[in-house]
Amino acid sequence: MTDKTRKGFFSGRTGVIAIPYLWLAIFFALPFLMVLKISLSQIELGQPPYTPVFNFDGTWQSITNFVSGLNLDNYWTMFNIWGEDGDTLYLKAYLSSVMIAFVSTILLLIVGYPIAYGMARAPKSLRPTLLMLVILPFWTSFLIRVYAWIGILKPEGLLNLALIKLGIIDQPLQILNTNWAIFIGIVYSYLPFMILPLYSTLEKMDDTLMEAAADLGCKPIKAFWLVTFPLSLPGVIAGCMLCFIPAVGEFVIPDLLGGSSTLMIGKQMWDLFFSNRDWPAASAVAVILLIILVVPITYYQHSQAKALETDR
């Protein structure tokens, strides 16, 4: 390989590697820095509704004026839960959001794993059709699908009507405007995100492993927990991350199905941004939420790196 060819090879490889980093810098790092800057500002009646706004005039004084105007009051307000001025609203919203997202993710795993397992064990000629049926709901607007659940879950809706007709209940159940309605909406909306990574992992598994376990006297259920489930853990982790992370900041489903009493951080951000027009406080909420979500992402990346090292 000549020096010219080697130079072209390395420059091409560097370009390919730089593309995802450039993408992250433009669509993640830059917006995050903008939100961080707003979170350190103060609310202002005007356009934009916060100060300080960075007006660089070529002098060092403009930079020092901008930096001196930044403050941590918005973060202090959220974490100040003690004393007469303490407010636990945001802390409760974060905890409620994490709890709802965690329970929803567990329900998604319970529902999605059997479906993905059945798809992976179905005849190969039938798998594309089953996969299309999983993706089919994406062809309809997300908002329309959530609105449809209002007609299903309301007291005079289809679900209560069916339960009454079957004689299971005498009076309509109050499902709408409760956490159960949020769980149902999240499970329905995010189920494909759980099924697809699970199916991708289970489909690649060698069927002879289960046959070998059976030949060694292992019962089917025990063989599943000792062979199938451990090998499917990468898909389980990927599916849980894909569902848990957006569910924490979910706004549409809690707002439409959970009602006004539902306390989730996504709704709090909406109220701060559009009702109160308190962009600095809303930006601080968003920054803290992002930091919270970095923890499972870091754990997932660590587990993936560890799995790759084990395979080597």
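Residues numbered from 1 in each chain as written. Predicted model: local features only at pLDDT ≥ 70, side-chain atom pairs only at ≥ 80, totals over all residues. Heavy atoms only, no water.

Next up on the list: the overall build of the chain. The helix and strand inventory of the chain stands at 14 helices and two strands. Taken over the C-alpha trace, the chain has a radius of gyration of 25 Å; the compact-globule value for 312 residues is 20 Å, which it surpasses by more than 25%. For the C-alpha atoms alone, the extent of the chain along its principal axes is close to 80 × 80 × 40 Å. Burial statistics for the chain: of 312 residues in total, 34% are counted as buried. Residue pairs at least 24 apart in sequence account for 68% of intrachain contacts in the chain once pairs closer than 6 positions are excluded. Only carbon and sulfur atoms are counted for the fraction: they give 69% of the accessible area of the chain, which is about 19,400 Å². Here the chain contributes 19 positive and 20 negative side-chain charges, whose respective centroids are spaced 12 Å apart. (Helix = DSSP H or I, 4+ residues; strand = E, 2+ residues; numbered from the N terminus. Rg over C-alpha atoms; globule rule 2.2 N^0.38 Å. Buried < 20%, exposed > 50% of the residue type's maximum accessible area, 1.4 Å probe, protein only. Contact = heavy atoms within 4.5 Å. Areas by Shrake-Rupley, 256 points an atom, 1.4 Å probe, with all protein chains shown as cover. Lys, Arg positive; Asp, Glu negative; His and termini not counted. Charge placed at Lys NZ, Arg CZ, Asp CG, Glu CD.)

This part takes up the packing of helix H4 (residues 89–121) against helix H11 (residues 233–248). Running from N to C, H4 and H11 point in directions that differ by 145°, and their axes come no closer than 9 Å. The chirality of how H4 crosses H11 is right-handed. Across the interface between the two elements, Ser-97, Val-98, Ala-101, Phe-102, Thr-105, Leu-108, Leu-109 and Tyr-113 of H4 pack against Val-236, Cys-240, Cys-243, Phe-244, Ala-247 and Val-248 of H11. Looking at the contact of H4 with H11 residue by residue, the class counts come to 12 nonpolar, two polar and no charged. (Axes fitted to C-alpha atoms, helices over the stretch in contact; angles between N-to-C directions. Left-handed = near helix turned anticlockwise from the far one by under 90°. Nonpolar A, V, L, I, M, F, W, Y, C, P; charged D, E, K, R; others polar.)

Here the focus is the confidence of the model for the chain. Counting all residues, the mean pLDDT for the chain is 85, and 93% of those residues have values of 70 or more. The least confident element of the chain, judged by mean pLDDT, is helix H1 (residues 3–39) at 76; the most confident is helix H8 (residues 179–203) at 94. (pLDDT = per-residue confidence, 0-100.)

For the coordinates displayed, the defined rule picks out two salt bridges. For Arg-121, the salt bridge identified is with Asp-207, shortest N-O distance 3.7 Å. Of this pair, Arg-121 sits in helix H4 while Asp-207 sits in the loop between H8 and helix H9 (208–215), placing them 86 residues apart in sequence. According to the relative accessible area criterion, Arg-121 is partly exposed, its value standing at 30%. With a shortest N-O distance of 3.6 Å, Glu-203 and Arg-127 are connected by a salt bridge. (Salt bridge = Lys/Arg side-chain N within 4 Å of Asp/Glu carboxyl O.)

One non-glycine residue, Asn-177, adopts positive backbone phi at about 65°. Relative to the helices and strands, Asn-177 resides in the loop between helix H7 (158–165) and H8. We classify Asn-177 as partly exposed; its relative accessible area is 40%. Here the phi dihedral of Arg-277 falls at roughly 55°; this positive angle occurs in a residue that is not glycine. Mapped onto the elements of the fold, Arg-277 is located in the loop between helix H13 (265–275) and helix H14 (279–311). Overall, the relative accessible area of 37% leaves Arg-277 in the partly exposed class.

With 55 residues, the main nonpolar core has Tyr-94, Leu-108, Ile-186 and Val-285 as its most contacted residues. Those elements giving two or more residues to this core turn out to be helix H3 (73–79), H4, helix H6 (142–153), H8, H11, helix H12 (252–258), H13 and H14. Per-element accounting of this core gives the leading share, 12 residues, to H8. Discounting chain neighbours no more than four positions away, the residues touching Leu-108 are Tyr-113, Ile-186, Val-187, Tyr-190, Leu-191, Met-194 and Cys-243. (Core = buried A, V, L, I, M, F, W, Y, C linked by side-chain atoms within 4.5 Å.)

Moving on, we come to the packing of aromatic side chains. Overall, the coordinates contain 17 aromatic pairs when judged by the stated rule. Summarising the aromatic geometry, the rings of Trp-270 and Phe-274 are spaced 4.3 Å apart at their centres and angled 40° between planes, so their arrangement reads as tilted. One end of the pair is Trp-270 and the other is Phe-274, both in helix H13 and four residues apart, which spans about a single turn. When its relative accessible area of 40% is taken as the criterion, Trp-270 is described as partly exposed. Assessed through its relative accessible area of 55%, Phe-274 is described here as exposed. (Phe/Tyr/Trp six-rings, centres within 6.5 Å; stacked < 30°, edge-to-face > 60°.)

A separate point is a nonpolar patch on the surface. A contiguous nonpolar surface patch, about 750 Å² in accessible area, is contributed by Met-132, Leu-133, Ile-135, Leu-136, Phe-138, Trp-139, Phe-193 and Leu-242. If you tally residues by element for the nonpolar patch, the top one is helix H5 (residues 127–135), at three residues. By the element assignment, Leu-133 lies in helix H5. Judged by relative accessible area, Leu-133 falls into the partly exposed class, the value being 48%. (Patch = residues over 30% accessible without salt bridge, like charges linked within 9 Å, V, L, I, M, F, W, Y side chains within 5 Å.)

A few words now on the environment of Arg-127. Structurally, Arg-127 is set in helix H5. On the basis of relative accessible area, Arg-127 is assigned to the buried category, the value being 12%. Each C-alpha atom, one on Arg-127 and one on Glu-203, is 9.8 Å from the other, the two residues being 76 residues apart in sequence.

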